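Structural overview
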Amino acid sequence: MVTLTAPESLETAVTAEAPTVVDLSGSPVRSLNQALHNAADGQSWTVANPGGKHSLAVGINADVSVTIDGHAGYYAAGMHQKGTVTVNGNAGVGLAENIMSGSVHVKGDASQSAAATGHGGLVVIDGNAGARCGISMKGVDIVVGGNIGHMSAFMAQAGRLVVCGDAGDALGDSVYEARIYVKGTVASLGADCVEKPLREEHLAELAELLAAAGRTDNPADFKRYGSARNLYHFHVDNSTAY
């Protein structure tokens, strides 16, 4: 194990074969992220003393494993493209925003806008997620072990959102073709979002997603929600007269 605190040490850390520990009590986030951008496939990193700092482990483009050993602030693992990021704590606003592939796993709770605009990959939140979870998602898969807040999956275009707890108001407002699965209760559905039949194909994909998230929930206990497709076409009643 290689432990690093000084910013200059991080520049050479990418050549170390042993797992690398970066202590943020003595190193800036910018140096951590630069070192991760220089990282090579197969490396393992641990971020010690993250202290809720923002923008941790953003823009990773190598098949590396990064463990944030504590709480993360805003935009942790944003623009994630490869590898795995694990947060052993809670995460702030904008977790895994615009994720493209790879996986991000939060062992605690996540704040608002988790996986917003995500194009691909898997985001797992063991606890609860705040409002606007999966807003404008474009292909990402999200599995939340607890509850989600209001306006989640707003304008969700593609991907799957799995909620093992309850969902807040206006779920799936103006949703396109994303699939939403909720095990608990839904406070209210947003515009053009309706409950849909849970067929065998949906049970199979739900079982896959739950297994990928390390969960043992029964897919048959969930309900599926999606677009009624009424907003796909112009209707005069949906327009505003001036």
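Preceding block: the structure.
Cut-offs used in this document
- Residues numbered from 1 in each chain as written.
- Predicted model: local features only at pLDDT ≥ 70, side-chain atom pairs only at ≥ 80, totals over all residues.
- Heavy atoms only, no water.
- Helix = DSSP H or I, 4+ residues; strand = E, 2+ residues; numbered from the N terminus.
- Contact = heavy atoms within 4.5 Å.
- Buried < 20%, exposed > 50% of the residue type's maximum accessible area, 1.4 Å probe, protein only.
- Pairing = 2+ DSSP bridges.
- Expected span 1.5 Å × (residues − 1).
- Arc of directions from axis to C-beta.
- Salt bridge = Lys/Arg side-chain N within 4 Å of Asp/Glu carboxyl O.
- Core = buried A, V, L, I, M, F, W, Y, C linked by side-chain atoms within 4.5 Å.

Topic: the environment of G118
With respect to the helices and strands, the residue G118 is situated in the loop between β6 (103-106) and β7 (122-125). The spatial distance from the C-alpha of G118 to the C-alpha of H54 is 19 Å, given a sequence separation of 64 residues. Setting aside residues no more than four positions away along its own chain, G118 makes contact with N98, I99, M137, K138, G139 and V140.

What about the pairing of strand β4 (residues 65-68)?
Side chains of β4 alternate between two faces, with V66 and I68 buried and S65 and T67 left unburied. Here strand β3 (residues 44-48) runs beside β4; their pairing, made up of 4 bridges, is parallel. Its bridge partner being in β4, T46 is matched across the sheet by T67.

So, helix α3 (residues 200-212)
Between its terminal C-alpha atoms α3 stretches 18 Å, which fits the 18 Å expected from 13 residues at 1.5 Å a residue. Every buried residue of α3 is listed here: H202, E205, L206, L209 and L210. Seen along its axis, α3 keeps its buried residues to an arc of 140 degrees; they face one direction. For α3, the exposed residues lying more than 90 degrees away from the buried face are E200, E208, A211 and A212.

Some words on the pattern of salt bridges
What the rule picks out here adds up to 7 salt bridges. A salt bridge links E205 to R160, with the nearest nitrogen and oxygen atoms 2.7 Å apart. Linking E205 in helix α3 with R160 in strand β9 (residues 158-163), this pair joins segments that are 45 residues apart in sequence. You can call R160 partly exposed: its relative accessible area is 21%. Across the salt bridge formed by R179 and E205, the nearest N and O atoms sit 3.1 Å from each other. Of this pair, R179 sits in strand β10 (residues 179-182) while E205 is found in helix α3, placing the two residues 26 residues apart along the sequence. Taking relative accessible area as the criterion, E205 reaches 13% and is therefore assigned buried. What you see here is one network of salt bridges that share partners, running through D141, R160, R179, E201 and E205.

Examining the nonpolar core
Ranked by size, the top nonpolar core spans 51 residues in total, and within it V66, V85, L95, V123, I148 and L161 carry the most contacts. The contacts of V66, once residues within four sequence positions are left out, are L36, W45, V47, A57, I60, T84, V85 and T86. Counting residues in each nonpolar core, the second largest holds 11 residues, with L122, Y181, L209 and A213 among its members.

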